[in-house]
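Structural features, examined
For reference, the chains in residue letters:
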Amino acid sequence: MSVLDIRVLGDPVLREETTPVEQITDELRALAKNMFDTMYLAKGIGLAAPQVGRSERLAVIDVNEKAFVIINPEIVESDSKTSKAEEGCLSIPDVYGDVVRPVHVRVRAMDLDGKSFEIEADELLARCLQHEIDHLHGKLFIDYLSVLKRRGAMAKWGKEKDKYPGFVRKLEIDPARAHEHPDEEL
Ligand code: ZN
């Protein structure tokens, strides 16, 4: 098990555009595995490469006990019907906010074998996919909040951020917790 440090709000890497993956290498496979380890330990349901300080266009997801990697993902279709739900982010610990997103999306991506696949997603999985794909383009859920709500979220973050010197969130490995079911942080 190899756990990576999570970058938190303030680290410029979270605002950078990622680079499309051209080739699946052993190094990339190892990165994906380490990202799963990190996500599970942090009790998340999604984690994107910039959140561990990387620039590859890749994210890992585990929603409804279905775990998979998305490489170079693209939203190819999204519903006009939207829903509002509370989101959190492993890179903005203890800050939450309601985000309106399409209920249904179709995403095209590549897997770790270099094969293209499409996924139809609703509800939580659709939300998670959109949240992670946003990360791959330097966008965060707080960007969707109204001015007032965003101000509230930033005030909360102002009290939290000193826990993460250098914008780094170090996870403690506690074997008893490592295999718990993930909750809903993205
Ligand atoms: Zn996030």
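Residues numbered from 1 in each chain as written. Predicted model: local features only at pLDDT ≥ 70, side-chain atom pairs only at ≥ 80, totals over all residues. Heavy atoms only, no water.

1. A word on the packing of aromatic side chains
Formally: Ring pairs shown here join Phe, Tyr and Trp side chains whose ring centres sit within 6.5 Å, with only the six-membered ring taken for Trp; geometry is labelled stacked below 30 degrees between planes, edge-to-face above 60, and tilted in between. We call a residue buried when its accessible area falls under 20% of the maximum for its residue type, exposed when it is over 50%, and partly exposed in between, using a 1.4 Å probe and counting protein chains only. Distance and angle both matter: a charge sits over a ring if NZ of Lys or CZ of Arg is within 6 Å of the ring centre and within 35 degrees of the ring normal.
Using the criterion set out here, one finds 2 aromatic pairs in the structure. Note on Trp157 and Tyr164: the rings are 5.9 Å apart at their centroids and 10° apart in plane angle, and the pair reads as stacked. Owing to a relative accessible area of 12%, Tyr164 belongs among the buried residues under this scheme. Between Lys66 and the ring centre of Phe68, over which it is positioned, the NZ or CZ distance is 4.8 Å.

2. Focus on the pairing of strand S7 (residues 104-110)
Basically, it comes down to this: Working definition: helices are DSSP H or I runs of at least four residues, strands are E runs of at least two. Numbering for both runs from the N terminus. Strands are treated as partners if at least two bridges between them are detected by DSSP.
Most of S7 is tucked away, with 6 of its 7 residues classed as buried. In this structure, S7 lies alongside strand S8 (residues 116-122), joined through 7 bridges in antiparallel fashion. Of the residues in S8, the one forming a bridge with Arg108 is Glu118.

3. Observations concerning helix H2 (residues 123-135)
Under the convention used in this document: For a helix, the expected span equals 1.5 Å multiplied by the residue count minus one.
If you check H2, its first and last C-alpha atoms are 19 Å apart, about what 13 residues at 1.5 Å a residue would give, namely 18 Å. Taken across its 13 residues, H2 has 11 buried, putting it largely inside the fold. For H2, the full list of buried residues reads Leu125, Ala126, Arg127, Cys128, Leu129, Gln130, His131, Glu132, Ile133, Asp134 and His135.

4. Thoughts on the state of the cysteines
Joining two cysteines, a disulfide is a covalent bond between their sulfur atoms. Cut-off, in case you're wondering: Two cysteine sulfurs form what is called a disulfide whenever their separation falls within 2.5 Å.
This model, assessed by the stated rule, comprises 0 disulfides. Sulfur of Cys128: no disulfide; nearest cysteine sulfur belongs to Cys89 and is 11 Å away. You can call Cys128 buried: its relative accessible area is 0%.

5. Notes on helix H3 (residues 147-160)
To keep things clear, this is the line we draw: Picture the helix axis, draw a direction to every C-beta atom, and the arc is the one those directions span.
Between its first and last C-alpha atoms H3 spans 20 Å; for 14 residues at 1.5 Å apiece the expected length is 20 Å, and the two agree. For H3, the full list of buried residues reads Ala153, Trp157 and Glu160. For H3, the angular spread of the buried residues around the axis is 50°, confining them to a single face. Away from its buried face by more than 90 degrees, H3 exposes Val147, Leu148, Arg151 and Lys159.

6. Examining the sheet that holds strand S4 (residues 66-78)
Quick note on the threshold: Angles here are taken between N-to-C directions and fall from 0 to 180 degrees, while the axes themselves are lines fitted to C-alpha atoms, restricted in helices to the stretch in contact. Throughout, a contact is declared for two residues whenever any of their heavy atoms are within 4.5 Å.
If you trace the 5 strands from one edge of the open sheet to the other, you get S2-S3-S4-S7-S8, paired in antiparallel fashion. If you trace the sheet from one side to the other, it starts and ends with strand S2 (46-48) and S8, each paired once. Neighbour to neighbour, the strand axes of the sheet diverge by 40° on average, direction disregarded. Of the strand pairs in this sheet, S4 and S7 are connected by 5 bridges, and their pairing is antiparallel. Each residue of the ladder has a partner; that of Glu74, found in S7, is Arg108. Sitting on the sheet, helix H1 (residues 26-41) is in contact with S2, strand S3 (58-63) and S4, with an inclination near 40° to S3. Running over the sheet, H2 touches S2, S3, S4, S7 and S8 and is turned about 125° from S8.

7. A short note on the environment of Gln130
Relative to the helices and strands, Gln130 is located in helix H2. Look at Gln130 and you get buried, because its relative accessible area is 7%. On a C-alpha basis, the gap between Gln130 and Val107 in space is 9.1 Å, while along the polypeptide they are 23 residues apart. In contact with Gln130, not counting residues within four places along its chain, are Ile75, Arg101, Pro102 and Val105.

8. Digging into unusual backbone geometry
Positive phi is not limited to glycine here, since Asn64 has a value of about 55°. Residue position: Asn64 is located in the loop between S3 and S4. Despite not being glycine, Phe167 shows a phi value in the positive range, around 60°. Mapped onto the fold, Phe167 is located in the loop between H3 and strand S9 (168-169). Phe167 sits in the partly exposed class, given a relative accessible area of 36%.

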